[in-house]
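Fold and geometry: a report
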Amino acid sequence: MVTATTASICFQKEGKEVIVANGANLRQQAVANRIDLYTFGGKLMNCGGVGQCATCVVEILDGMTNLSAPTEFEQKKLRKKPQCRLACQTLVYGPVTVKTKP
């Protein structure tokens with residue numbers, strides 16, 4: 001049940017909804033719930049969630065306004081993908097629907 005202090009992340013491809021604390025990191029919650037964010041190359045080359053490799057890209061299908069503002073690195077890397085975010089740089093503050101490996 002979602003409350004004022006929690007948020008929900010719906011992982012569309014996986015058909016899984018996760019209830020998290022407000023301000024939870026999207027990548028950390030995906031990993032904790034065994035949601036695979038990475039393509040084969042991303043599995044080999046990811047930075048471990050410090051926002052330097054851009055391999056944890058997710059598409060936000062709904063709830064973009066319930067997320068933290070994009071970082072400067074995200075804006076630069078994802079400028080041609082306005083509906084995408086880096087999961088490691090994204091904090092969740094309300095209901096959001098995510099598509100992994102867009």
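For the structure itself, consult the block above.
This section reports on the structure supplied with the text. On a predicted model such as this, the values are computed, not experimentally measured, just so you know.

To continue, consider the nonpolar core. Grouped together as the largest cluster of nonpolar side chains are 24 residues, with contacts concentrated most on Ile9, Phe11, Leu26 and Val98. Those elements that provide at least two residues to this core are β1 (6–11), β2 (16–21), α1 (26–32), β4 (57–62), β5 (84–86) and β7 (96–100). Contacts of isoleucine 9, omitting those with residues within four sequence positions, involve Lys16, Glu17, Val18, Val20, Leu26, Gln29, Val92, Val96 and Val98.

When you line up the elements, glycine 41 lands in helix α2 (residues 40–45). Sequence-wise, glycine 41 and threonine 55 are 14 residues apart; in three dimensions their C-alpha atoms are separated by 8.2 Å.

Where like charges cluster on the molecular surface, the positive patch consists of Lys76, Lys77, Arg79 and Lys80. You can call arginine 79 exposed: its relative accessible area is 60%.

Looking now at the side chain of arginine 85. The topology assignment puts arginine 85 in strand β5. Reaching out from arginine 85, the side chain makes a polar contact with the backbone oxygen of serine 68 at a distance of 2.7 Å. One polar contact links arginine 85 to threonine 90, side chain to side chain, over a distance of 3.5 Å. With residues up to four places along the chain from it excluded, the contact list for arginine 85 reads Cys56, Val57, Val58, Ile60, Met64, Leu67, Ser68, Ala69, Pro70, Glu74, Leu78 and Thr90.

Moving on, we get to the sheet that holds β7. Note on sheets: strands pair through backbone hydrogen bonds, and any given pair is parallel or antiparallel. What the five strands build is an open sheet, ordered β2-β1-β7-β4-β5; its pairing is mixed. Because the sheet does not close on itself, it has two edges, and the strands there are β2 and β5. Here the average twist between neighbouring strands, direction ignored, is 35 degrees. Relative to β5, β4 is paired through three bridges, and the arrangement is antiparallel. Bridged to glutamate 59 within β5 is cysteine 84.

This part takes up the pattern of salt bridges. Side chains bearing opposite charge may pair, as long as their charged atoms lie close to each other. In the structure shown here, the tally under the stated rule is two salt bridges. Put simply, lysine 101 and aspartate 36 hold a salt bridge, and the shortest N to O gap is 3.3 Å. Placement of the pair is lysine 101 in the segment after β7 and aspartate 36 in the loop between α1 and α2, with a sequence separation of 65 residues. For arginine 85, the salt bridge goes to glutamate 74, with nearest N and O atoms at 2.8 Å. Placement of the pair is arginine 85 in strand β5 and glutamate 74 in helix α3 (residues 72–77), with a sequence separation of eleven residues.

About the criteria used
- Residues numbered from 1 in each chain as written.
- Predicted model: local features only at pLDDT ≥ 70, side-chain atom pairs only at ≥ 80, totals over all residues.
- Heavy atoms only, no water.
- Core = buried A, V, L, I, M, F, W, Y, C linked by side-chain atoms within 4.5 Å.
- Buried < 20%, exposed > 50% of the residue type's maximum accessible area, 1.4 Å probe, protein only.
- Helix = DSSP H or I, 4+ residues; strand = E, 2+ residues; numbered from the N terminus.
- Contact = heavy atoms within 4.5 Å.
- Patch = residues over 30% accessible without salt bridge, like charges linked within 9 Å, V, L, I, M, F, W, Y side chains within 5 Å.
- Areas by Shrake-Rupley, 256 points an atom, 1.4 Å probe, with all protein chains shown as cover.
- Salt bridge = Lys/Arg side-chain N within 4 Å of Asp/Glu carboxyl O.
- Lys, Arg positive; Asp, Glu negative; His and termini not counted.
- Charge placed at Lys NZ, Arg CZ, Asp CG, Glu CD.
- Polar contact = N/O pair within 3.5 Å; in protein donor to acceptor, adjacent residues only side chain to side chain.
- Pairing = 2+ DSSP bridges.
- Axes fitted to C-alpha atoms, helices over the stretch in contact; angles between N-to-C directions.

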